[in-house]
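Next come the chains, spelled out residue by residue.
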Amino acid sequence: MNVLLLSMPDSFEHMPALAIRMPNGGLTSLAGNVDAHHRVAVADLILVQQRVRETVIRLVRELDPGVVGLSVMTFQRRTAERIIDLVRGLKPGVKIVVGGYDPSLAAEAYEPMHVDFLIRGEGEVTFRELLRSLERGSGLEKICGLSHRNGQNGSSWGHNPDRAPHRLEDGEIRLPRRETRVLRGYTLLGRQVDVIETSRGCTYDCSFCSIIEMRGRNFFTYSFDRVLADIRDAHDHGARTIFLVDDNIMLNVRRFQALCEAIIAAGLNDIDYFVQAMTSSIANHGETLAPLMKRAGFRYVFLGIENILENDLEFLRASAKNTARDNGHSTGNATRKAIDYLHRHGMLVVGGLIVGNPGDTRESIDANLEFARRYVDWPYIQHPTPYPRTPMTKDFRDQGLIQNERLEEYDGTTAVVRTQHLPAEEVEFLRWKAERWMKTSHVPAVFRHDPWFVLTHAPKMLAHTFRGSSIRSMLGLESERKVFERYKAIRKAEREYV
Ligand code: B12
Ligand code: SF4
């Protein structure tokens, strides 16, 4: 069977496609786990953001797929529906399958769409079984994790029982198949980028995170042999930067240290690695961990700081993962200590902060912005966003603070909830105004590493970061509010991908 797998083109403010175009790891993992006789094509539509419609039409005509699968996050739902309608119009009999975070957590939203199947949670085995069942023409009811149409004319939906999370150690999930990608141009600041996984899951329960509803509180790991084979494969396909997409790789620090050692021993430390980390793990183990990470090739560390104020951390349920400890006793917030270790060992900090929580005032937001300005290399400041079924969503709804229900704007940098003291738009204005300037101060660090990229892309990047500005605003003849209004209008137009 011919299978076309698509990831959505929508990107958000901190990942401008101009400089960052990452592959979707889930889709190549699905491709690696279907039976060998299927012909699979993976197309990450982020690579053709300006030509989505033409590309989908071309791929459907060239590949003549029997099955089309879409991977969707919540802010991409509207685009996904448009692509579903496009594909259905091109090939009415094709089977359309959706999967990923949004279909898994808001299955009911997909039932009225022109979709045949929905896969909840991890997809590799469920999708393999679905293709087998389609070939046989029977057996859908037995496939765990699958939702499908039933009833007269397929007018209602049946939701089979959930599939338990894969244990990963047992080799059940085979390596991804990167050769199935049919589009080119993956990049992270000028270097070809790829993604790999070493584990799945997390045992924390931060209120803004979708992971717990997606798979429960658990943590499973791949063997180092598999991880190293995956890195080699990504490298052989041209990657010089690798993003480790694990939900929380730092849950087991000892294992992570051993992984760094394995990367060094395998000679794979000439790659730039990018990883997401908890501040507490780095702060508590930094003395040995930070130099080891540096030797293994880690360059950027995304720190889930979330907020520097204790009240906000409590709301976000993120206090524990941000607490430094000495002999088991809390010694306060871990953030400064973690940043210090990383900087001392020449790594760069992407600072993940969330501002606009229910109790936030202008002062508490400013305190976080000031912190980011002083201590992080690249700000990744977001607003709390009520994604389906997260604990935070319930909190915001109960407090009547959700101000915007347009899901395509649920991209993390559009404020869609108000605080008890400030309207959503004001929260976003404060962050947007401060963050544009913070980003420019990172240019010298990028230049030292990739001068050619900066020379060729700096003007476009600056124009992107400061879109909405005009000569008049630069001369101070126009207010920043006016620029913000124009930026919002540009951003709205950008969201029309199809
Ligand atoms: C790595 C990661 C990123 C990376 C890399 C993204 C990439 N291109 O791979 C970066 C940092 C770029 C990123 C950015 C964003 N991310 Co992100 N990200 C993650 C993370 C940590 C892991 C995702 C991953 O790759 N997992 C490994 C793969 C193998 O698993 P998977 O993608 O889930 O796919 C499996 C199943 O879902 C399913 N499946 C998926 N697609 C399909 C399709 C079909 C047809 C089928 C059958 C099955 C299927 O099968 C796959 C294999 O088992 C998750 C989860 C977390 N703990 O935070 C968040 C997460 C996915 N991100 C999220 C969000 C919101 C974003 C951003 C909008 C903002 C932000 N918070 O940073 C941006 C938008 C990016 C953009 N396009 O501009 C949310 C999504 C919430 C939601 N309800 O939509 C998550 C869940 C985090 C959260 N807040 O809870 N992200
Ligand atoms: S530690 Fe990270 S992955 Fe785990 S629940 Fe919190 S945000 Fe999600």
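Parameters and conventions
- Residues numbered from 1 in each chain as written.
- Chains lettered and ligands numbered in written order.
- Predicted model: local features only at pLDDT ≥ 70, side-chain atom pairs only at ≥ 80, totals over all residues.
- Heavy atoms only, no water.
- Pairing = 2+ DSSP bridges.
- Helix = DSSP H or I, 4+ residues; strand = E, 2+ residues; numbered from the N terminus.
- Axes fitted to C-alpha atoms, helices over the stretch in contact; angles between N-to-C directions.
- Buried < 20%, exposed > 50% of the residue type's maximum accessible area, 1.4 Å probe, protein only.
- Arc of directions from axis to C-beta.
- Contact = heavy atoms within 4.5 Å.
- Near = heavy atom within 4 Å.
- Polar contact = N/O pair within 3.5 Å; in protein donor to acceptor, adjacent residues only side chain to side chain.
- Nonpolar A, V, L, I, M, F, W, Y, C, P; charged D, E, K, R; others polar.

Visitor: Sorry if this is basic, but what is going on with the sheet that holds strand S6 (residues 117-119) here?
Guide: Across a sheet, paired strands are connected by hydrogen bonds in the backbone, their directions being either parallel or antiparallel. One open sheet accounts for 7 strands, arranged S3-S1-S4-S5-S6-S7-S8; its pairing is mixed. Strands with a single pairing partner mark the edges of an open sheet, and in this sheet they are strand S3 (39-44) and strand S8 (156-159). Across this sheet, the average inter-strand angle for adjacent strands is 20 degrees, counted without regard to direction. Looking at chain direction, strand S1 (residues 2-7) and S3 are connected through 6 bridges and run parallel. Looking at the pairing, Leu5 lines up with Val42 of S3.

Visitor: Would you mind showing me how to read helix H11 (residues 335-344) here?
Guide: At 3.6 residues per turn, the α-helix brings residues three or four places apart onto the same side. Among the residues of H11, Thr335, Ala338, Ile339, Tyr341 and Leu342 are the ones counted as buried. In a view along the axis of H11, the buried residues occupy a sector of 160 degrees, so they form one face of it. Of the surrounding secondary structure, the elements contacted by the buried residues of H11 are helix H9 (279-296), strand S15 (298-306), strand S17 (329-333), strand S18 (348-354) and helix H12 (362-375). Gly346 occupies a position one or two residues after H11 and carries a positive phi of about 75 degrees.

Visitor: So what exactly am I meant to see when it comes to the environment of Val355 here?
Guide: Within the element layout of this structure, Val355 appears in the loop between S18 and H12. Taking the C-alpha atoms as reference points, Val355 and Arg200, separated by 155 residues in sequence, lie 27 Å from one another. Filtering out sequence-adjacent residues up to four positions away, Val355 remains in contact with Asp360, Ile365, Asn368, Ile381, Gln382, His383, Pro384 and Val427.

Visitor: Would you mind going over the site of ligand 1 with me for this structure?
Guide: Lining the immediate environment of ligand 1, one finds 40 residues, of which Ser71, Thr74, Glu124, Ser210 and Tyr380 sit closest. Contact distances for ligand 1 include 2.7 Å between an oxygen atom and a backbone N or O atom of Ser210. In this structure, an oxygen atom belonging to ligand 1 sits 2.7 Å away from a side-chain N or O atom of Tyr380. Breaking the shell around ligand 1 down by element, the ones donating at least two residues are helix H1 (25-33), strand S4 (67-71), strand S5 (95-99), helix H5 (124-136), helix H6 (211-215) and strand S19 (378-382). In terms of residue class, the shell around ligand 1 is made up of 21 nonpolar, 12 polar and 7 charged.

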